[in-house]
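# Coordinate analysis (summary)
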Amino acid sequence: MVFSSALSSSSSSFTLPSPLRTHYLSTTLTTRSSTFPNHKFIKTRMQAQTTNNAAKPKEAKLWGGRFEEGVTDAVERFTESVSYDKQLYKHDIRGSIAHASMLAKQGLISVSDRDSIIEGLGEIEKRIESGEFNWRADREDVHMNIEAALTDLIGEPAKKLHTSRSRNDQVVTDLRLWCRDAIDKILASIKQLQVSLLKLALNNQGLIVPGYTHLQRAQPVLLQHLLLAYVEEIERDAGRLIDCRARMNFCPLGACALAGTGLPIDRFMTSDALGFTAPMRNSIDAVSDRDFLLEFLSANAITAVHLSRLGEEWVLWASEEFGFITPSDSVSTGSSIMPRKKNPDPMELVRGKSARVIGGLVTLLTLCKGLPHAYNRDLQEDKEPVFDSVRTILGMLEVLSEFAMNITFNRERIQKALPAGYLDATTLADYLVKKGVPFRTSHDIAGKSVASCTSKNCQLLDLSLDELRSINPVFDKDVYEFLGVENAIQKFISYGSTGSACVADQLDYWMKKLEIK
């Protein structure tokens with residue numbers, strides 16, 4: 001490739017010696033002929049296509065009145081966005097219908113033109129959804145594709161649709177509508193994951209597991225309590241999205257390029273028609289603002305972090321070292337070389353895909369940080385990170401919900417693991433506090449009790465009353481009501497704790513909230 005580039009480039013200073021060049025060219029041609037017998041035919045077809053494309057006149061741009069020549073193919077390829085923003089078509093058509101209706105009411109277009117526009121847009125939407133619509137890169141974006149197709153379809157009335165509207169306010173209106181719908185989908189998926197986690201909790205009533213801090217055994221907790229911690233966490237994610245949706249629900253349409261318009265439009269009418277709270281107050285802010293995207297992707301990034309943490313927990317628990325859960329075959333994958341492997345790959349990918357969502361936020365923050373007001377073409381780059389963030393979050397939520405419904409907790413393995421780590425040591429300290437011992441002293445006594453167990457290779461519950469009294473005479477026979485993980489669980493009584501009664505209240509709350517009977 002280096003040699004061929006050097007030989008074909010007139011500007012290159014590199015030239016092969018004549019004999020070597022002759023050998024290289026003859027070898028290359030021979031290789032091509034033998035390896036690709038249809039090479040000449042393919043080359044002829046490509047030349048014919050190039051000739052046909054070159055002969056075909058380019059369509060005049062809808063904005064091209066003051067231009068005497070068209071853009072180059074390279075510029076056209078580089079600046080097009082229809083390859084990805086075409087997914088805004090529903091929202092673009094919806095905004096155009098609202099805009100046309102407003103223009104007719106204000107007497108800026110006729111009722112007949114309005115009806116033709118709306119009918120034509122309906123036909124275009126049908127063609128898009130049936131796969132018959134021809135998306136053209138030379139028409140740049142979703143807006144120009146739809147408007148040009150409308151002109152092809154209904155003629156002159158279509159040229160009136162862009163009255164008192166710019167692509168600047170049009171695209172951000174489409175984006176707000178799209179994000180609003182996306183948030184609704186994410187909220188529904190969050191609820192589905194919460195339902196799956198709650199059902200998993202209900203199916204494992206009374207199961208005690210080790211709770212960890214610093215990834216070290218800490219205190220016993222009910223599994224239900226741990227699962228509900230994730231339900232609570234993603235509820236806050238839902239709250240952030242709801243708040244974000246409320247803040248983004250203001251209409252930019254009618255702000256035009258940046259300064260508004262001198263024509264008598266009714267921005268409140270279009271705002272109401274599209275379900276917005278109100279029009280945006282400042283036309284410059286309306287077209288340049290992308291705070292709603294930054295906030296949306298920030299909320300998604302936090303959600304992704306929470307989902308990654310849940311995925312990480314289940315990856316650990318599925319390992320041989322923990323062995324606390326067994327995923328079903330339907331949510332596991334194998335190894336191409338190790339036949340005994342059964343991997344929780346979906347959870348590893350949940351962990352990995354969180355990086356994409358975080359990256360999308362960083363991309364958008366970087367994109368916006370140096371932009372002056374009002375609209376700048378840089379903002380064309382805001383869509384792909386948003387689309388990818390939403391697609392990724394929805395996938396993560398879906399697979400986590402599936403995984404939650406297809407795992408089994410290994411009760412016997414968990415039961416065997418509970419004695420290790422002296423999980424009831426803090427409960428022992430609480431017992432001493434109830435006996436009137438200051439907590440710092442209680443902490444010291446409980447620590448010495450654990451040290452005694454370590455030397456004897458036994459559990460706190462195994463220490464005799466005499467052995468405990470040798471550490472401190474405050475111990476009495478009622479101490480055994482506090483020792484052992486089952487007893488320890490029953491001693492948790494503070495609001496929101498892992499005590500059985502407290503967890504039962506939490507379960508009841510979430511069953512009502514999520515409407516689970």
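Summarised in this report is the structure supplied together with it. Computed from a prediction, not measured in an experiment: that's the story for all the values here.

Another point: the packing of aromatic side chains. Under the definition given, this model contains ten aromatic pairs. On the basis of an interplanar angle of 65° and a centroid distance of 4.6 Å, the ring pair of F133 and W135 is categorised as edge-to-face. Among the residues examined, W135 registers a relative accessible area of 22% and is labelled partly exposed. With a centroid separation of 5.2 Å and 75° between ring planes, the pair formed by W317 and F324 is classed as edge-to-face. An identical accessibility class is assigned to W317 and F324; each is buried.

For Y84, the position within the fold is in helix α5 (residues 82-85). Excluding anything up to four places from it in sequence, Y84 contacts Q380, E381, K383, E384 and F387. For Y84, the side chain forms a polar contact with the main-chain oxygen of Q380, separated by 3.5 Å.

A word on the state of the cysteines. The final tally for this structure, using the stated rule, is zero disulfides. Summary of cysteine pairing: C244 is not part of a disulfide, and the nearest cysteine sulfur, belonging to C179, is at 7.6 Å. Just so you know, C458 is unpaired, no disulfide at all, and the nearest cysteine sulfur is the one on C453, 4.0 Å from it. Here C458 falls in the buried class, since its relative accessible area comes to 13%.

The next point concerns the pattern of salt bridges. Inspection of every chain in the model, using the stated rule, returns 27 salt bridges. E125 is the partner of K90 in a salt bridge, and the nearest nitrogen-oxygen pair spans 3.1 Å. Placement of the pair is K90 in helix α6 (residues 89-105) and E125 in helix α7 (residues 111-130), with a sequence separation of 35 residues. Residue classification places K90 among the partly exposed residues on the basis of a relative accessible area of 39%. One salt bridge in this structure joins E140 and R167, with 3.0 Å as the shortest N-O distance. Note that E140 is positioned in the loop between α7 and α8 (142-154) and R167 in helix α9 (residues 167-202), a separation of 27 residues in sequence. Residues joined in a network through salt bridges with shared partners are K90, E125 and E129.

Let us look at empty space enclosed by the protein. Evaluated as defined, the whole model comprises two cavities of 30 Å³ or more. Taken as a whole, the second largest cavity spans an internal volume of roughly 30 Å³. Forming the walls of the second largest cavity are D92, S96, H143, I146, E147, L161, R165 and Q170. Within the residue set of the lining of the second largest cavity, elements represented by two or more residues are α6 and α8. The dominant element in the lining of the second largest cavity, judged by the number of residues it contributes, is α8, at three residues.

It is worth spelling out the layout of surface pockets at this point. Here the largest pocket defines a volume of roughly 590 Å³. Taken together, 23 residues form the lining of the largest pocket, with G211, Y212, T213, L226 and E313 sitting closest to its centre. For the lining of the largest pocket, the secondary-structure elements that each account for two or more residues are β1 (208-213), β2 (216-222), α10 (223-248) and α13 (291-317). Looking at the lining of the largest pocket residue by residue, the class counts come to 13 nonpolar, six polar and four charged.

The rules behind these values
Residues numbered from 1 in each chain as written. Predicted model: local features only at pLDDT ≥ 70, side-chain atom pairs only at ≥ 80, totals over all residues. Heavy atoms only, no water. Phe/Tyr/Trp six-rings, centres within 6.5 Å; stacked < 30°, edge-to-face > 60°. Buried < 20%, exposed > 50% of the residue type's maximum accessible area, 1.4 Å probe, protein only. Helix = DSSP H or I, 4+ residues; strand = E, 2+ residues; numbered from the N terminus. Contact = heavy atoms within 4.5 Å. Polar contact = N/O pair within 3.5 Å; in protein donor to acceptor, adjacent residues only side chain to side chain. Disulfide = S-S within 2.5 Å. Salt bridge = Lys/Arg side-chain N within 4 Å of Asp/Glu carboxyl O. 1 Å grid on protein atoms, 1.4 Å probe; cavity = no way out; pocket = protein on both sides within 12 Å on 5 of 7 lines; lining within 4 Å. Points joined across faces, edges and corners; volume = space filled by probe spheres on them. Nonpolar A, V, L, I, M, F, W, Y, C, P; charged D, E, K, R; others polar.

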